[in-house]
Amino acid sequence: MLADNAPVTRAFVVASAIFTVFLGIQGRSSKLGLSYQDIFQKFQLWKLLASVLTFSSTPELMFGLYLLYYFRVFERQIGSNKYSAFIMFSMLLSIFLDVIALALLKDSSAKFNSGPYGLVFASFIPFYFDIPVSTRFRVFGIPFTDKSFTYLAGLQLLLSSWRRSIIPGICGIIAGSLYRMNILYIRKAKIPQFISSFFAQLSWPSTRPPVPARNISASIPSYVNRPVQRSYASVVSSMEPPEGSLAILVSMGFDRDSARQALVQARNDVNAATNILLEAQSH
């Protein structure tokens with residue numbers, strides 16, 4: 001199911017996809033990017049908001065939606081109310097920085113790509129600092145981690161149109177950095193409950209068939225709030241997960257023992273462990 005327990009992410013991803021496809025069919029998606037001429041000469045200020053949901057091209061849409069979907073873990077971690085505040089702060093600040101960049105360039109031909117670059121690249125800040133590396137491996141002698149492919153997807157999006165995409169991406173990174181620095185205590189801000197509840201109402205009912213209760217020795221989801229069998233405890237002791245990964249899951253509100261077992265089941269993949277725990281809670 002798309003973005004379980006992350007209604008704000010789901011609504012944002014679906015809205016971005018619909019706007020991009022609809023306007024792309026009309027041939028207008030590539031015309032929504034901010035430009036010096038549109039903002040400072042034609043005063044088309046409506047583009048400041050219209051441009052944040054619509055990607056300029058299909059490849060940017062694919063990479064952008066993949067990253068937005070991947071970063072749903074942050075909504076699960078801090079809750080929909082705070083995540084909504086993070087979205088508003090990062091996008092508004094990045095738009096403001098985009099406008100400043102256009103003013104400094106003073107180039108009538110200067111134009112930036114449209115799309116939620118501010119949110120996508122602001123999310124790389126908590127991704128870098130708060131998501132630990134759980135797996136390291138080599139491909140043809142080149143070292144990689146389980147986070148490498150997310151960075152590569154971000155790099156592809158950042159360099160997709162050179163200056164037109166690099167500057168909005170940098171503005172997003174600055175916005176994410178200021179949020180992490182807790183400027184004006186922004187990290188304490190929350191969107192009113194009724195707004196996040198509205199996004200929750202947009203959730204589609206789960207299409208997954210009911211899953212019968214499973215034995216603890218066969219699968220993790222049946223262990224939540226139940227005693228751990230000795231046979232599994234021996235496995236846990238031999239595959240102790242990293243403390244950083246445990247801390248992330250505990251900060252999301254999961255029981256420490258349950259989080260440890262989920263990480264063992266997921267081979268220390270935090271995202272997979274989160275899905276295991278959420279699946280367990282739904283039964």
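Residues numbered from 1 in each chain as written. Predicted model: local features only at pLDDT ≥ 70, side-chain atom pairs only at ≥ 80, totals over all residues. Heavy atoms only, no water.

### Quick notes on the overall build of the protein chain
No. 1: Of regular secondary structure, the protein chain possesses 15 helices and 2 strands.
No. 2: Counting only residues that meet the buried cut, the protein chain has 47% of its 283 residues in that class.
No. 3: Across the protein chain, the fraction of contacts at a sequence separation of at least 24, relative to all contacts at a separation of at least 6, is 73%.
No. 4: When the accessible area of the protein chain is evaluated, it comes to approximately 14800 Å², of which 63% is carbon and sulfur surface. (Helix = DSSP H or I, 4+ residues; strand = E, 2+ residues; numbered from the N terminus. Buried < 20%, exposed > 50% of the residue type's maximum accessible area, 1.4 Å probe, protein only. Contact = heavy atoms within 4.5 Å. Areas by Shrake-Rupley, 256 points an atom, 1.4 Å probe, with all protein chains shown as cover.)

### Description of the confidence of the model for the protein chain
No. 1: Across the protein chain, pLDDT averages 82, with 81% of residues at or above 70.
No. 2: Across residues 204-238, where pLDDT falls below 50, the model places 48 contacts with residues more than four positions away in sequence or in other chains. (pLDDT = per-residue confidence, 0-100.)

### As for the UniProt feature "transmembrane region" (unreviewed entry) in the protein chain
No. 1: The UniProt feature table records "transmembrane region" (unreviewed entry) at residues 6-25, 45-71, 83-105 and 112-129.
No. 2: Its end C-alpha atoms 32 Å apart, residues 83-105 is made of 100% helix and 0% strand.
No. 3: Span residues 112-129 is 67% helix and 0% strand, its end C-alpha atoms 28 Å apart. (UniProt positions renumbered as here; feature names shortened; annotations may be inferred.)

### Description of the pairing of strand β1 (residues 136-139)
The two faces of a sheet get side chains in turn, since along a regular strand they alternate between them.
No. 1: In terms of strand pairing, β1 meets strand β2 (residues 142-145) through 4 bridges, oriented antiparallel. From the neighbouring strand, Phe137 faces β2, where its bridge partner is Phe144. (Pairing = 2+ DSSP bridges.)

### Points about the side chain of Ser56
No. 1: Here Ser56 shows up in the loop between α3 (47-50) and α4 (58-70).
No. 2: Polar side-chain contacts of Ser56 include one of 3.1 Å to the backbone nitrogen of Ser114.
No. 3: Discounting chain neighbours no more than four positions away, the residues touching Ser56 are Ser29, Ser30, Asn113 and Ser114. (Polar contact = N/O pair within 3.5 Å; in protein donor to acceptor, adjacent residues only side chain to side chain.)

### Observations concerning helix α10 (residues 163-180)
No. 1: The first and last C-alpha atoms of α10 sit 26 Å apart over 18 residues, in line with the 26 Å expected at 1.5 Å per residue.
No. 2: Buried within α10 are the following residues: Ser165, Ile167, Pro168, Gly169, Cys171, Gly172, Ala175, Gly176 and Tyr179.
No. 3: For α10, the elements touching its buried residues are α6 (80-105), α7 (117-122), α8 (124-130) and α9 (148-158).
No. 4: Positive phi appears at Asn182, one or two residues downstream of α10, with a value of about 60°. (Expected span 1.5 Å × (residues − 1).)

### Quick notes on the nonpolar core
No. 1: With 59 residues, the main nonpolar core has Leu119 and Leu249 as its most contacted residues.
No. 2: With 11 residues, the top contributor of residues to this core is α6. (Core = buried A, V, L, I, M, F, W, Y, C linked by side-chain atoms within 4.5 Å.)

### A look at the pattern of salt bridges
No. 1: All chains considered together, the criterion is met by 5 salt bridges.
No. 2: One salt bridge in this structure joins Lys47 and Asp38, with 2.7 Å as the shortest N-O distance.
No. 3: Here Arg163 makes a salt bridge to Asp107, at a shortest N to O gap of 3.7 Å. Note that Arg163 is positioned in helix α10 and Asp107 in the loop between α6 and α7, a separation of 56 residues in sequence.
No. 4: Judged by its relative accessible area of 41%, Arg163 falls in the partly exposed class. (Salt bridge = Lys/Arg side-chain N within 4 Å of Asp/Glu carboxyl O.)

### Describing a nonpolar patch on the surface
No. 1: Taken together, the side chains of Phe149, Leu152, Leu155, Leu159 and Trp162 make up a nonpolar region of the molecular surface, amounting to roughly 520 Å² of accessible area.
No. 2: With a relative accessible area of 35%, Leu159 lands in the partly exposed category. (Patch = residues over 30% accessible without salt bridge, like charges linked within 9 Å, V, L, I, M, F, W, Y side chains within 5 Å.)

### Points about the packing of helix α1 (residues 7-25) against α4
No. 1: Where α1 contacts α4, the axes come no closer than 10 Å and their chain directions differ by 170°. On the basis of the axis angle, α1 is roughly antiparallel to α4. Contacts from Thr9, Phe12, Val13, Ser16, Ala17 and Thr20 of α1 reach α4 at Leu61, Leu65, Leu68 and Tyr69. (Axes fitted to C-alpha atoms, helices over the stretch in contact; angles between N-to-C directions. Parallel < 35°, antiparallel > 145°, perpendicular 65-115°, else oblique.)

### Some points on the environment of Thr274
No. 1: Within the secondary structure, Thr274 is located in helix α15 (residues 270-281).
No. 2: Once the C-alpha coordinates of Thr274 and Ala259 are considered, the two residues, 15 residues apart in sequence, prove to be 8.2 Å apart.
No. 3: Contact partners of Thr274, with chain neighbours within four places excluded, come to Arg76, Leu249, Met252 and Phe254.

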